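Residues per chain are reported as follows:
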Amino acid sequence: LMRSYGATSPCWNCRYISCAPFPFWTEQKWWHCDGCDSVTAQTITDDSNTFFQQIDLSCPQGNVELIDVRAKQISDKPQLAKELPKLCRKHCFAMD
């Protein structure tokens, strides 16, 4: 698989297991198949506060979730970028 260039696969049967979250026996996974590692967000700030107030999170399915992040006290974009996958998994795939 490592030598494949994407058009063909040396593992014909691998098409049946394109992604498997790992480790599968625990909730704390380090490999996910949900697309949340590449989500983006628009920030909403308050001029009187240095922390982000809300974000418009663009979910992998195409919907946008408005999320209040005041309690997290995030003040810079690199810190927010680290939080986005967790926020995505919590809000984009939530079952109401």
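Residues numbered from 1 in each chain as written. Predicted model: local features only at pLDDT ≥ 70, side-chain atom pairs only at ≥ 80, totals over all residues. Heavy atoms only, no water.

K.L.:
Explain the pairing of strand 2 (residues 52–58) to me, please; I cannot follow it from the model alone.
P.N.:
Within a regular strand, side chains alternate between the sheet's two faces. The pairing of strand 1 (residues 40–45) with strand 2 spans six bridges and is antiparallel. Its bridge partner lying in strand 2, Thr43 is registered against Ile55. Hairpin connection, strand 1 to strand 2: the antiparallel pair is bridged by six residues. As paired strands, strand 2 and strand 3 (residues 64–68) are joined by five bridges and run antiparallel to one another. (Pairing = 2+ DSSP bridges. Helix = DSSP H or I, 4+ residues; strand = E, 2+ residues; numbered from the N terminus.)

K.L.:
Just to check I follow, could you spell out the state of the cysteines for this structure?
P.N.:
All chains considered together, the criterion is met by two disulfides. For Cys36, the disulfide goes to Cys88, at an S-S distance of 2.0 Å. Between Cys36 and Cys88 the sulfur-sulfur dihedral comes to about -60°; the bridge is accordingly left-handed. Of this pair, Cys36 sits in the segment before strand 1 while Cys88 sits in helix 1 (residues 77–91); the two residues are 52 residues apart in sequence, bridging distant segments of the chain. Overall, Cys36 belongs to the buried group, its relative accessible area being 0%. (Disulfide = S-S within 2.5 Å. Buried < 20%, exposed > 50% of the residue type's maximum accessible area, 1.4 Å probe, protein only.)

K.L.:
Please explain the sheet that holds strand 2 as it appears in this structure.
P.N.:
Through backbone hydrogen bonds, the strands of a sheet pair up, either in parallel or in antiparallel fashion. The three strands are arranged 1-2-3 in an open sheet whose pairing can be described as antiparallel. Only two strands of the sheet have a single partner each, and these edge strands are strand 1 and strand 3. On average, each strand axis in the sheet is inclined to that of its neighbour by 20°, with strand direction left out of account. (Axes fitted to C-alpha atoms, helices over the stretch in contact; angles between N-to-C directions.)

K.L.:
In this structure, what is going on with the nonpolar core? I would like to understand it.
P.N.:
General note: in soluble globular proteins, nonpolar side chains tend to be found buried as a group. The biggest cluster of nonpolar side chains holds 14 residues, and the ones touching the most others in it are Ile55 and Leu57. Only strand 2 and helix 1 provide two or more residues apiece to this core. Take this core: its biggest share by element is four residues, from helix 1. Dropping the residues within four chain positions of it, Leu57 is found in contact with Val39, Thr40, Ala41, Asn63, Val64, Glu65, Ile67, Leu84, Leu87, Cys88 and Cys92. (Core = buried A, V, L, I, M, F, W, Y, C linked by side-chain atoms within 4.5 Å. Contact = heavy atoms within 4.5 Å.)

Geometric values such as these leave the question of function open.
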